[in-house]
Structures are given as structure tokens and as C-alpha cells.
Amino acid sequence: MVSASLRGRGLESLDLDEVKGRSLWADARRRFLRNKAAVAGLVLLVVIAVFSFTGEMIAVWSNEEIDFNVIGSAATQGMPSFANGHYFGTDDLGRDQFARTAQGTRISLMVGLVGTFIAVTVGTVYGAVAGYVGGRTDQVMMRIVDILFAIPFMFVLILLLVMFGRSMFMIFVGIGL
């Protein structure tokens, strides 16, 4: 049934049940899937994430094990090989590069994700408090942020690690702040 206001505009044949809107998520998904570079980047990111969590299960050697047969002769015996289980080869100390790459990839992804989560959480709460209270409190909070931005990041990270001890959690907090 067409409303009276639409009839006056010559839209009698328009069936309103056939007209569907698209949600913002559907529009974003459609635009994302049309962008070949974005889809390729997502596929690559998924492959890297799967490698980081399954790489150590595939590795023959652990990241802490040393192959004493190749110590000192990594240029000749430490080359990548499926026969001896060193898929990426070894370093001069006989450590398996595949297992070390899998562990490093996992830690790098964790630092990025947890650091981002901490930054978003702290920034949102800090900004919400500054915006809600406003006035002098907002000005003081913004000057604190200006002072923190003036201090070099590496100095802040080292200071946090010295004060609270070395741990992955403190690295996450330092990067997140």
C-alpha cells in the first residue's frame, strides 16, 4: 500500500517492501571486500597470526634448544633444511631460526594488541574524565599529557622497567601509555 503523500508525487508503482536500506556494517564490509589490497593485507595478517600460534607445534627444535652439531659452522651445516628440522636454518650458536621466529612473531603480535588495548582504554577514560569535568581540571590534565609527550618514549619505558621490574606486563603498559 502506497501512502497518499507518495501518490501525489507519481510514485504509485513503488512497492515500499522492496526498498531495503543497507546498514553501516554491510556498507563497510562491501567496500572492504572491493578493496583488493585491504583483503590481501587481512589474509596476510591472518597467515602471520596462524603461524605465530602454530609455528612452535610444527618446529622440530625448540627455541631454547641448541644443535651442538652446527655450532661454529652455521655457514655450511646450519643452512635451511627439512632433513635436520631447521626450516629457516640456524645461527652461529646452533639455535633454530624457525622456532625463534615463531616465538618472536607471537610476542610482537601480543605487544601490538595488548599495547593498543591499553592505549585505547586509558586514553578513552582519561579523555572522558577531562571532557566531562572540563574547566580547570581539563586544562591540568592536558598539561600533564603535554609533559608526557615531551619526555622521550624510551626513557619512560626504561624508567618503568627500573621502577617496577622487568616483565612483559610492564612492557605492555609502557607501550600502551
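The numbering scheme is per chain: residues are counted from 1 as the chain's sequence reads. Residues qualify for local features only when their pLDDT is at least 70, as the model is predicted, and side-chain atom pairs are given and counted only at 80 or more; totals for whole chains, interfaces and linings, by contrast, use all residues. The side-chain figures draw on all heavy atoms in the structure; neither hydrogens nor water molecules are used.

Draft legend 1. Molecular detail of the overall build of the protein. Think of it this way: any DSSP run of H or I at least four residues long counts as a helix, any run of E at least two long counts as a strand, and we number them from the N terminus. Along its length, the protein carries eight helices and zero strands. Helices (α) and strands (β) of the protein occur, in sequence order from the N terminus, as α-α-α-α-α-α-α-α. Burial status across the protein gives 20% buried among its 177 residues. A separation of at least 24 residues holds for 46% of the contacts in the protein among residues at least 6 apart in sequence. Each residue's exposure class comes from its accessible area (1.4 Å probe, protein chains only) as a fraction of the maximum for that residue type: buried when under 20%, exposed when over 50%, partly exposed otherwise. Contacts are residue-level and defined by heavy atoms, with any inter-residue pair within 4.5 Å sufficient.

Draft legend 2. A look at helix α5 (residues 97–133). What a helix should span is 1.5 Å times the count of its residues minus one. For α5, which comprises 37 residues, the first-to-last C-alpha distance of 53 Å matches the rise-based estimate of 54 Å (1.5 Å per residue) to within 8%. The set of residues buried in α5 consists of Phe98, Ala99, Ala102, Thr105, Arg106, Val111, Gly115, Ile118 and Ala130. The elements touched by buried residues of α5 are α3 (36–58), α6 (135–150) and α8 (168–176). N or O atoms within 3.5 Å of each other form a polar contact, as long as, within protein, one can give a hydrogen and the other can take it, and as long as residues adjacent in sequence are counted only when both atoms are side-chain atoms. For α5, the capping residue at the N-terminal end is aspartate 96, with a side-chain oxygen 3.2 Å from the backbone nitrogen of alanine 99.

Draft legend 3. Layout of the pattern of salt bridges. Salt bridges, as used here, are contacts in which a Lys or Arg side-chain nitrogen is within 4 Å of a carboxyl oxygen on Asp or Glu. Scanning all chains against the criterion turns up five salt bridges. In this structure, arginine 22 engages aspartate 27 in a salt bridge whose closest nitrogen and oxygen atoms are separated by 3.9 Å. Overall, the relative accessible area of 56% leaves arginine 22 in the exposed class. When its relative accessible area of 24% is taken as the criterion, aspartate 27 is described as partly exposed. Note that arginine 106 is salt-bridged to glutamate 56, the shortest N-O span being 3.0 Å. Note that arginine 106 is positioned in helix α5 and glutamate 56 in helix α3, a separation of 50 residues in sequence.

Draft legend 4. View of the side chain of asparagine 63. Following the sequence through the fold, asparagine 63 ends up in the loop between α3 and α4 (74–77). There is a polar contact of 2.5 Å between the side chain of asparagine 63 and the side chain of glutamine 103. What asparagine 63 contacts, discounting residues up to four positions off in sequence, is Ala99, Arg100 and Gln103.

Draft legend 5. How the structure looks around the packing of aromatic side chains. Classification of ring pairs rests on two measures: the distance between centres of Phe, Tyr or Trp rings, Trp counted by its six-membered ring, which must be within 6.5 Å, and the angle between planes, read as stacked under 30 degrees, edge-to-face over 60 and tilted in between. Summed over the entire model, instances satisfying the criterion amount to four aromatic pairs. A ring pair is formed by phenylalanine 51 and phenylalanine 98, whose centres lie 5.4 Å apart and whose planes are at 75°; its orientation type is edge-to-face. Of this pair, phenylalanine 51 sits in helix α3 while phenylalanine 98 is found in helix α5, placing the two residues 47 residues apart along the sequence. Among the residues examined, phenylalanine 51 registers a relative accessible area of 21% and is labelled partly exposed. Ring geometry for tyrosine 87 versus phenylalanine 98: centroids 5.1 Å apart, planes at 85°, classification edge-to-face. Residue tyrosine 87 is found in the loop between α4 and α5, and its partner phenylalanine 98 is found in helix α5; the two are separated by eleven residues along the sequence. Here tyrosine 87 falls in the partly exposed class, since its relative accessible area comes to 22%.

Draft legend 6. Fine view of the confidence of the model for the protein. Note: pLDDT gives the predictor's confidence per residue, expressed from 0 to 100. Confidence along the protein averages 84 in pLDDT terms, with 89% of residues attaining 70 or more. The least confident element of the protein is helix α1 (residues 4–7), whose mean pLDDT is 56; the most confident is α3, at 93.

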